[in-house]
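Chain residues, written in single-letter form:
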Amino acid sequence: MRKLRRTGVGAVPFLVFLFLTGPSSVFAGCYQTNLGAWHDYPYAAPYIGAQATVDLFAATPNDHSSTIVHPLQIGGSSGSGDFIGWGTAIGEGVSQCPDYFGANWQVYVDGASFGTYFCHQPFGSLASNASGQVFKMQFEPCPSNPQFSQWAMFLNGVFKVCQGIDSTSANRVVAGGESITSGGDQVIDVRYRSDKYLKGSTWSAWGAGDSCTNSPYKIQLNSNSDFKAWKS
């Protein structure tokens, strides 16, 4: 079993036990020891859902100790550090999720549930340049077991899995691209469009949020709810 690296999203006050392993960097990045770029919106919390339309771009990890990840996450509002998120990845996996070094992007759900990291990756793959992929998470009665309310995860309108964490609402939504690598920089390019949060029964577009970037990575804002994390 490979060692899991704990990481965090800049000044975001919840821990993000993001996707991968590899040697620690000697400098801090937007994903703590990992580099990348993210944009977030914490200003209308609490939320009970988040979604985005994702456009992917082809990329290849530097080597078999490296990974490229595109996380869309919510941070639980309980203060426990729990979180849950959708993502796509290529490269070295963590315990519970396998390595993958093919051309496509592997779809995963990961997070921290009551303080324990989890990773699920039975959701197939997306083409290296897939566009218009709709990722959504929402706290609701689980479609596969309605007597329990959990975070339900949907891909392109199709229910995939439910997951409980130590929170029934979120204090922020975060999306971006992350490079986990044994050396050098990697292409993290990804675009998030139609970024929305759910509050009560209403889906709303993200407002002006915050960004974090590590050179050579940037956030290109097309609007508050349409942005690209990319390598310049």
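None of the values given here were measured: they were computed from a predicted structure.

We now examine the overall build of the chain. Check the secondary structure of the chain and you find zero helices and 18 strands. Across the 232 residues that make up the chain, the buried fraction comes to 55%. Expressed as a percentage of contacts within the chain between residues at least 6 apart in sequence, the contacts between residues at least 24 apart total 65%. Total accessible area on the chain stands at roughly 9000 Å², and carbon and sulfur atoms take up 50% of it.

This next bit is on the environment of proline 143. Here proline 143 shows up in the loop between β10 (133–142) and β11 (145–155). Once the C-alpha coordinates of proline 143 and methionine 153 are considered, the two residues, ten residues apart in sequence, prove to be 9.8 Å apart. Setting aside residues up to four positions removed in sequence, proline 143 forms contacts with Ala152, Phe154, Phe159 and Cys162.

Turning our eyes to something else, we now look at the confidence of the model for the chain. Averaged over every residue, the pLDDT of the chain is 89; residues scoring 70 or more account for 88%. Low confidence marks residues 1–26, where pLDDT is under 50. Its contacts with residues over four positions away, or in another chain, come to 104 contacts.

For the structure on display, the rule yields three disulfides. Between the sulfur atoms of cysteine 30 and its disulfide partner cysteine 212 the distance amounts to 2.1 Å. In this structure the cystine formed by cysteine 30 and cysteine 212 twists about its S-S bond by roughly -90°; its chirality is therefore left-handed. Here cysteine 30, found in the loop between β2 (15–16) and β3 (35–41), pairs with cysteine 212, found in strand β16 (residues 210–213); they are 182 residues apart in sequence, far enough to count as distant. Paired by a disulfide, cysteine 97 and cysteine 119 hold their sulfur atoms 2.1 Å apart. When the S-S torsion is -95°, as for the bridge of cysteine 97 with cysteine 119, the disulfide is left-handed. Of this pair, cysteine 97 sits in the loop between β6 (83–91) and β7 (105–113) while cysteine 119 sits in strand β8 (residues 116–120), and the two are 22 residues apart along the sequence. Taking only the cysteines that form disulfides and numbering them from first to last, the chain has the pattern 1-6, 2-3, 4-5.

Moving on: unusual backbone geometry. With an omega dihedral of 5°, the bond running from alanine 45 to proline 46 counts as a cis peptide bond. Topologically, proline 46 is positioned in the loop between β3 and β4 (49–56). Of note, the amide linkage connecting serine 215 to proline 216 takes the cis form, showing an omega dihedral of 10°. Within the secondary structure layout, proline 216 lies in the loop between β16 and β17 (217–223). Residue asparagine 156 is not a glycine yet carries a positive backbone phi of 55°. If you trace the backbone, asparagine 156 turns up in the loop between β11 and β12 (158–163). Positioned with a positive phi, serine 194 is a non-glycine residue whose angle comes to about 50°. Position of serine 194 among the secondary structure elements: in strand β14 (residues 190–199).

If you look at the biggest cluster of nonpolar residues, it comprises 43 residues, and the most contacted ones within it are Ile74, Ile84, Trp86, Val109, Phe135, Met137 and Tyr192. For this core, the element with the highest residue contribution is β4, accounting for four residues. Apart from residues no more than four positions distant in its own chain, isoleucine 84 is found in contact with Leu72, Gln73, Ile74, Val109, Asp110, Gly111, Phe118, Met137, Trp151, Met153, Gln163 and Ile165.

Moving on: the side chain of aspartate 226. Positionally, aspartate 226 belongs in strand β18 (residues 226–231). Engagement of the side chain of aspartate 226 in a polar contact is seen with the side chain of arginine 191, the distance being 2.7 Å. If near-sequence neighbours (up to four positions away) are discounted, aspartate 226 is found in contact with Arg191, Tyr192, Arg193, Asp195, Gln220 and Leu221.

Thresholds applied
- Residues numbered from 1 in each chain as written.
- Predicted model: local features only at pLDDT ≥ 70, side-chain atom pairs only at ≥ 80, totals over all residues.
- Heavy atoms only, no water.
- Helix = DSSP H or I, 4+ residues; strand = E, 2+ residues; numbered from the N terminus.
- Buried < 20%, exposed > 50% of the residue type's maximum accessible area, 1.4 Å probe, protein only.
- Contact = heavy atoms within 4.5 Å.
- Areas by Shrake-Rupley, 256 points an atom, 1.4 Å probe, with all protein chains shown as cover.
- pLDDT = per-residue confidence, 0-100.
- Disulfide = S-S within 2.5 Å.
- Core = buried A, V, L, I, M, F, W, Y, C linked by side-chain atoms within 4.5 Å.
- Polar contact = N/O pair within 3.5 Å; in protein donor to acceptor, adjacent residues only side chain to side chain.

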